[in-house]
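What follows is the residue order along each chain.
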Amino acid sequence: MNIFIVTGSSKGIGYELVKQLKGRGDKVIGIARTNENDAAHMVTADLSQTDRLTGIIANVLEENLSSATSFTLINNAGTVEPIGLVGTIDETKMAQALAVNLTAPMILSNAFMSVLEKFEGRKRIVNISSGAGRNPYEGWGVYCTTKAGLDHFSRVVSLEQETAEFPVEIISIAPGIIDTGMQETIRASNADDFPLHDRFVDYKQQGHLSSAEETASKLIAILDREDFSKLGPIADIRQIG
């Protein structure tokens, strides 16, 4: 059985990934801060509480070891806040964003690889990155930095796994501009804090945003590709044919 673990699974891309993967018969465990419908496949956790994460994912993995033919960790959870020019950002919000966007995926990946070190089936880590990790944007100092860090972490893991006995495949993929709650947050931000505010308002008005459903479908298609291991460690969903 294919086992997928998806963070940020209560909304947006994460929600659609869980829905579509379950719909085709895969086993999916979602990790999110909220579980409004008390779904059995969901684990409730605040990713900013990083000291809990190793135990959470270790339990999930060990519970499924006997039935799994593959494991895939999808580090999807993330926040674009705090938005603001460096020098004006609240340090508490900065620390929370660093924890959710970067520290949590690193800890989860580390535990995933440790528990499954001798697992002989297919093992994959998919980090949901952003073009903001590859280009600087005023007002997104925290977001850009965390996504750049996630990209570089993926490069290091990929390099290290070249000599592993049972290697983990890893990809850090930018999914494009998606019509999710994150975009609503961006449009609601102050233009003084984010000079590109009007551009993102135009994206919505001009219909340039992809749907979460469409994006999740494209991500799953990428996971199904026979040449998946050759796509990473850094990729952009818009550039994969």
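Small disclaimer: the values here were computed from a predicted structure and weren't measured. (Residues numbered from 1 in each chain as written. Predicted model: local features only at pLDDT ≥ 70, side-chain atom pairs only at ≥ 80, totals over all residues. Heavy atoms only, no water.)

> Please explain the overall build of the protein as it appears in this structure.
Scanning the protein for helices and strands turns up 7 helices and 7 strands. Here the C-alpha atoms of the protein give a radius of gyration of 17 Å, agreeing with the 18 Å that 2.2 N^0.38 yields for 241 residues. Counting only C-alpha atoms and orienting by the principal axes, one finds that the protein spans roughly 55 × 40 × 35 Å. Sequence separation of 24 or more characterises 68% of the internal contacts of the protein that already satisfy a separation of 6 or more. In the protein, 22 side chains carry a positive charge and 31 a negative one; their mean positions are 4 Å apart. (Helix = DSSP H or I, 4+ residues; strand = E, 2+ residues; numbered from the N terminus. Rg over C-alpha atoms; globule rule 2.2 N^0.38 Å. Contact = heavy atoms within 4.5 Å. Lys, Arg positive; Asp, Glu negative; His and termini not counted. Charge placed at Lys NZ, Arg CZ, Asp CG, Glu CD.)

> I keep staring at the nonpolar core and nothing clicks. Help me out?
When a protein is soluble and globular, its nonpolar side chains tend to lie buried together. Formed by 27 residues in total, the largest nonpolar core has its most connected members in Ile 57, Phe 71 and Phe 112. Elements supplying a minimum of two residues to this core: β1 (2–7), β2 (27–32), α2 (53–64), β4 (70–75), α3 (91–115) and α4 (141–160). Residues in contact with Phe 112, not counting those within four places in the same chain, are Ile 57, Leu 61, Phe 71, Thr 72, Leu 73, Lys 123, Arg 124, Ile 125 and Val 168. (Core = buried A, V, L, I, M, F, W, Y, C linked by side-chain atoms within 4.5 Å. Buried < 20%, exposed > 50% of the residue type's maximum accessible area, 1.4 Å probe, protein only.)

> Please explain the packing of helix α1 (residues 12–23) against helix α7 (residues 212–223) as it appears in this structure.
Packed helices, taken two at a time, are described by the angle between their axes plus the distance between the axes. Axis separation between α1 and α7 bottoms out at 8 Å; the angle between their running directions is 60°. With respect to each other, α1 and α7 are oriented oblique. Considering the relative orientation of α1 and α7, their crossing is right-handed. Residues Gly 12, Ile 13, Glu 16, Leu 17, Gln 20 and Leu 21 of α1 form the contact with α7, whose participating residues are Ala 212, Glu 213, Thr 215, Ala 216, Ser 217, Leu 219 and Ile 220. Looking at the contact of α1 with α7, its residues break down into 7 nonpolar, 4 polar and 2 charged. (Axes fitted to C-alpha atoms, helices over the stretch in contact; angles between N-to-C directions. Parallel < 35°, antiparallel > 145°, perpendicular 65-115°, else oblique. Left-handed = near helix turned anticlockwise from the far one by under 90°. Nonpolar A, V, L, I, M, F, W, Y, C, P; charged D, E, K, R; others polar.)

> Even after reading the chapter, I still don't get the pairing of β2, so can you show me in this structure?
Looking down a regular strand, the side chains alternate between one sheet face and the other. For β2, a buried count of 5 out of 6 residues is recorded, marking the element as mostly surrounded by other parts of the structure. As paired elements, β1 and β2 share 5 bridges and run parallel to each other. Each bridged residue has a counterpart across the sheet, and for Val 6 the counterpart in β2 is Gly 30. With α1 bridging β1 and the parallel β2, this β-α-β connection has right-handed handedness. Pairing analysis gives 3 bridges linking β2 to strand β3 (residues 42–44), with the strands arranged parallel. Within β3, the residue paired with Ala 32 across the bridge is Thr 44. (Pairing = 2+ DSSP bridges. Right-handed = clockwise from strand over helix to strand, strands pointing away.)

> Would you mind going over α3 with me for this structure?
For the α-helix, the turn length of 3.6 residues means that residues three or four positions removed from each other point alike. Look at α3: 34 Å from first C-alpha to last across 25 residues, which is about the 36 Å you get at 1.5 Å a residue. At Ala 99, α3 shows its strongest bend, of approximately 40°. Tucked into the core, α3 has its buried residues touching β1, α2, β4, β5 (122–128) and α4. N-capping of α3 is provided by Asp 90, with a side-chain oxygen placed 3.0 Å from the backbone N of Thr 92. (Expected span 1.5 Å × (residues − 1). Bend = angle between axes of the 7 residues up to and from the residue. Polar contact = N/O pair within 3.5 Å; in protein donor to acceptor, adjacent residues only side chain to side chain.)

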